[in-house]
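# Understanding the architecture of this molecule
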Amino acid sequence: MNQRTFRFKLRSSHRPPEPSTTDLVVEFLSDSGLWEPQQLSLGMPGFRIYLISLLLCQHFYLVANAREKGIALQEVQADFNVTTSSEWIIEEVEGDFRIRLDHNASAGNEAIAYMQERMKLCPISKNLPESVGKTINVTTMA
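For the structure given in this document, a descriptive report is provided here.

Conventions and cut-offs
- Within every chain, residues take consecutive numbers counted from 1 along the sequence as written.
- Predicted model: local features are reported for residues with pLDDT of at least 70 only, side-chain atom pairs are reported and counted for 80 or more only, and whole-chain, interface and lining totals are derived from all residues.
- In computing side-chain properties, one takes all heavy atoms of the structure into account and sets aside hydrogens as well as water.
- Secondary structure elements follow DSSP: runs of H or I no shorter than four residues count as helices, runs of E no shorter than two count as strands, and numbering proceeds from the N terminus.
- The span expected for a helix works out to 1.5 Å for each residue beyond the first.
- Only protein chains enter the accessibility calculation, which uses a 1.4 Å probe; a residue is then buried when its area is under 20% of its type maximum, exposed when over 50%, and partly exposed in between.
- A strand pair is defined by DSSP finding two or more bridges across the two strands.
- Axis lines are fitted through C-alpha atoms, for helices just across the contact stretch, and the angle between N-to-C directions can take any value from 0 to 180 degrees.
- It only takes one pair of heavy atoms within 4.5 Å for two residues to be counted as in contact.
- Between rings of Phe, Tyr and Trp, where Trp is taken as its six-membered ring, a pair exists when centres lie within 6.5 Å; planes separated by under 30 degrees are stacked, by over 60 edge-to-face, and by other angles tilted.
- Charge over a ring is defined by NZ of Lys or CZ of Arg lying within 6 Å of the ring centre and within 35 degrees of the ring normal.
- Angles are sorted into four bins: roughly parallel if under 35 degrees, roughly antiparallel if over 145, roughly perpendicular if 65 to 115, and oblique for all others.
- Helix crossings fall into two classes, left-handed where the near helix is turned counterclockwise from the far one by less than a right angle and right-handed where it is turned clockwise.
- The rule for a disulfide is simple: a pair of cysteine sulfur atoms within 2.5 Å.

### Points about helix 1 (residues 46-68)
Along an α-helix, residues three or four apart share an orientation, since each turn contains 3.6 residues. The terminal C-alpha atoms of helix 1 lie 32 Å apart, and with 23 residues this matches the ideal 33 Å at 1.5 Å per residue to within 8%. Among the residues of helix 1, Arg48, Leu51, Ile52, Leu54, Leu55, Cys57, Gln58, His59, Leu62, Val63, Asn65 and Ala66 are the ones counted as buried. Positive phi shows up at glycine 70, right after helix 1, with a value of about 75 degrees.

Okay, here's the thing in structure tokens:
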């Protein structure tokens, strides 16, 4: 059975105390092996839009829960991989999110675990079948 893996990268910038993301870039690893910036459009394949929505939902929940905990983010980077069957059925979702805190901020292991757990509440993730392997990790960057 042939599996297919869709690979994405995300980078976002944040300027505390502003609550919003100031810059957001999503890239997709194309079949040619090049990372391509993604701009949602009517010409984009629908399945890719769905996967980008899944990634952006995870990002939104990470940023919102950091804000809820009073953790000022400076930057978020993520590697996001989705593996499907040959019939395009999602089998596994893996996200590695790295956060850089504002120079005056700190976040202990408990706060990081809280944010990671809350990311599971993203509605798109919750609608994936139980059979889908889901691994989301959040770590801090120096």
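### Concerning the sheet that holds strand 6 (residues 133-140)
In spatial order, the strands read 3-2-1-4-5-6; together these six strands make up an open sheet with mixed pairing. Pairing within the sheet leaves two strands with one partner each, and these edge strands are strand 3 (35-37) and strand 6. Neighbour-to-neighbour, the strand axes of this sheet turn through a mean angle of 20 degrees, independent of strand direction. Pairing of strand 1 (residues 4-14) with strand 4 (residues 73-84) involves ten bridges; the strand directions are antiparallel. Residue serine 12 lies in a different strand from strand 4, and its bridge partner there is valine 76. Here helix 1 sits on the sheet in contact with strand 1, strand 2 (21-29), strand 4, strand 5 (90-101) and strand 6, set at roughly 40 degrees to strand 1. Along the sheet face, helix 2 (residues 109-119) touches strand 5 and strand 6 and points at about 150 degrees away from the line of strand 6.

### Quick notes on the packing of aromatic side chains
With the rule as written, the count across this model stands at eight aromatic pairs. Summarising the aromatic geometry, the rings of phenylalanine 47 and tryptophan 88 are spaced 5.4 Å apart at their centres and angled 85 degrees between planes, so their arrangement reads as edge-to-face. Of this pair, phenylalanine 47 sits in helix 1 while tryptophan 88 sits in the loop between strand 4 and strand 5; the two residues are 41 residues apart in sequence, bridging distant segments of the chain. Under the relative-accessibility criterion, phenylalanine 47 is labelled partly exposed at 22%. Ring pairing ties together the aromatic residues Phe6, Phe8, Phe28, Phe47, Tyr50 and Trp88, which thus form one cluster. Sitting over the face of the ring of tyrosine 114, lysine 69 holds its NZ or CZ atom 4.3 Å from the ring centroid.

### Quick word on the packing of helix 1 against helix 2
Where helix 1 contacts helix 2, the axes come no closer than 9 Å and their chain directions differ by 140 degrees. It follows from the interaxial angle that helix 1 and helix 2 lie oblique. Seen from above, helix 1 lies across helix 2 with right-handed handedness. Between helix 1 and helix 2, the residues in contact are Gln58, Tyr61, Leu62, Asn65, Ala66 and Glu68 and Tyr114, Met115, Arg118 and Met119, respectively.

### A look at the state of the cysteines
Enumeration over the complete set of coordinates arrives at one disulfide. The disulfide partner of cysteine 57 is cysteine 122, and the gap between their sulfur atoms is 2.1 Å. Because the sign of the S-S torsion sets the handedness, a value of about 130 degrees for the bond joining cysteine 57 and cysteine 122 places this disulfide among the right-handed ones. Taken together, the positions of cysteine 57 in helix 1 and cysteine 122 in the loop between helix 2 and helix 3 (123-126) put the pair 65 residues apart, joining distant regions of the chain. When sorted by exposure, cysteine 57 lands in the same class as cysteine 122, which is buried.

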